[in-house]
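Descriptive structure summary
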Amino acid sequence: MPSTQQQVTSTDSYNYLLFLPDGVRAGGGDRKETQQPLLPTILFLHGAGQRGSNLDDVKKQGIAKIVEQQPDFPFIVISPQCPRGEYWNVERLSALLDKAIPGEKPQSGYASYVDPDRVYLTGLSMGGYGTWHLAAAQPQRFAAIAPICGGGNPQAARKLKTFLCGHFTEAKIMWFP
């Protein structure tokens, strides 16, 4: 089965996989032409085992794997790849989000489908750490976060009080309003 995700390369942030639900156009076009409603968007950060330069590795786990198996997944999904030997960097993730999810109302392309009030952040292991760090640095960008097996700075937790946080570990699920 062909991949449902497009590979996007970047020189100033991270290369990433982009999944678009049916009816969403990556380049050109206008959401108004299709009468499609605004869609929620997920930024998925992988764990240490998927670092490198082959974006297909990102599809081995998590949401990037799920959308390969469920092409009717109802979210736009952005799955960047962290280079080998590095960790998630808030500045580079911010640059990726600035390009992938512009703050101003885009007039065309897939970004015109993004609902800015429904942007979600999640990650596995190293990506869970990246989730906590990015959310603490830029809480205004996200409606909710769901780090899986990651940790963050407890002192930064007060910055996250405006949205729902779910933290998932091996045997526990904890929700923080």
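Okay, so let's go over this structure. (Residues numbered from 1 in each chain as written. Predicted model: local features only at pLDDT ≥ 70, side-chain atom pairs only at ≥ 80, totals over all residues. Heavy atoms only, no water.)

Each helix and strand counted, the protein has four helices and eight strands in total. Along its sequence from the N terminus, the protein presents helices and strands in the succession β-β-α-β-α-β-α-β-α-β-β-β. Going through the 177 residues of the protein one by one, you find that 49% of them count as buried. In the structure as shown, the protein presents an accessible area of about 9100 Å², 52% of it carried by carbon and sulfur atoms. (Helix = DSSP H or I, 4+ residues; strand = E, 2+ residues; numbered from the N terminus. Buried < 20%, exposed > 50% of the residue type's maximum accessible area, 1.4 Å probe, protein only. Areas by Shrake-Rupley, 256 points an atom, 1.4 Å probe, with all protein chains shown as cover.)

What follows concerns the environment of Lys-60. Position of Lys-60 among the secondary structure elements: in the loop between strand E3 (39-45) and helix H2 (62-69). You can call Lys-60 exposed: its relative accessible area is 51%. Once residues within four sequence positions are removed from consideration, Lys-60 is found in contact with Gln-50 and Lys-65. (Contact = heavy atoms within 4.5 Å.)

Further remarks concern the side chain of Thr-131. Along the chain, Thr-131 turns up in helix H4 (residues 126-137). A polar side-chain atom of Thr-131 sits 3.2 Å from the main-chain amide nitrogen of Gly-123. For Thr-131, the contacting residues outside a window of four places in its chain are Leu-45, Leu-121, Thr-122, Gly-123, Ile-145 and Pro-147. (Polar contact = N/O pair within 3.5 Å; in protein donor to acceptor, adjacent residues only side chain to side chain.)

Let's shift gears to the pairing of E3. A regular strand places its side chains so that they alternate between the two faces of the sheet. A large share of E3 lies buried, amounting to seven of its seven residues. Pairing of E3 with strand E5 (residues 114-124) involves six bridges; the strand directions are parallel. Bridged to Phe-44 within E5 is Thr-122. The pairing of E3 with strand E4 (residues 76-80) spans three bridges and is classified as parallel. Bridging across to E4, Thr-41 finds its partner in Ile-76. The handedness of the E3 to E4 crossover, carried by H2, is right-handed. (Pairing = 2+ DSSP bridges. Right-handed = clockwise from strand over helix to strand, strands pointing away.)

Our next topic: the packing of aromatic side chains. Following the criterion strictly, the structure yields four aromatic pairs and no others. For the pair Phe-19 and Phe-73, a centre-to-centre distance of 6.4 Å together with 70 degrees between the ring planes defines the contact as edge-to-face. Of this pair, Phe-19 sits in strand E2 (residues 16-19) while Phe-73 sits in the loop between H2 and E4, and the two are 54 residues apart along the sequence. Residues Phe-19 and Phe-73 agree in their burial class; the two are buried. One aromatic cluster is present, built from ring pairs that chain together Phe-19, Phe-73, Phe-75 and Tyr-120. Above the ring of Tyr-87, the side-chain terminus of Arg-51 is found at 5.2 Å from the ring centroid. (Phe/Tyr/Trp six-rings, centres within 6.5 Å; stacked < 30°, edge-to-face > 60°. Lys NZ or Arg CZ within 6 Å of the ring centre and 35° of its normal.)

We now examine the pairing of E2. Residues Tyr-16 and Leu-18 line one face of E2 and the alternating positions Leu-17 and Phe-19 line the opposite face, and both faces are buried. Bridge analysis of E2 against E4 gives four bridges, and the strand direction is antiparallel. Each residue of the ladder has a partner; that of Tyr-16, found in E4, is Pro-80.

Here Asp-56 lies in the loop between E3 and H2. Through-space distance from the C-alpha of Asp-56 to that of Leu-17 is 8.6 Å; in sequence the pair is 39 residues apart. Within polar-contact distance, the side chain of Asp-56 engages the side chain of Lys-59 at 3.1 Å.

This brings us to the side chain of Asp-57. Of note, Asp-57 is situated in the loop between E3 and H2. With residues up to four places along the chain from it excluded, the contact list for Asp-57 reads Gln-50 and Gln-81.

What follows is about the nonpolar core. With 29 residues, the main nonpolar core has Leu-43, Ile-76, Ile-78, Tyr-110, Leu-121 and Leu-134 as its most contacted residues. When residues of this core are traced back to their parent elements, those giving at least two are E2, E3, E4, helix H3 (90-100), E5 and H4. In terms of residues, this core owes the most to one element, H3, which gives five residues. Each residue touching Ile-76, except ones within four places of it in the same chain, is listed here: Leu-18, Phe-19, Leu-20, Pro-21, Leu-39, Pro-40, Thr-41, Ile-42, Tyr-110, Tyr-113 and Val-114. (Core = buried A, V, L, I, M, F, W, Y, C linked by side-chain atoms within 4.5 Å.)

These values are about where atoms sit, not about what they do.
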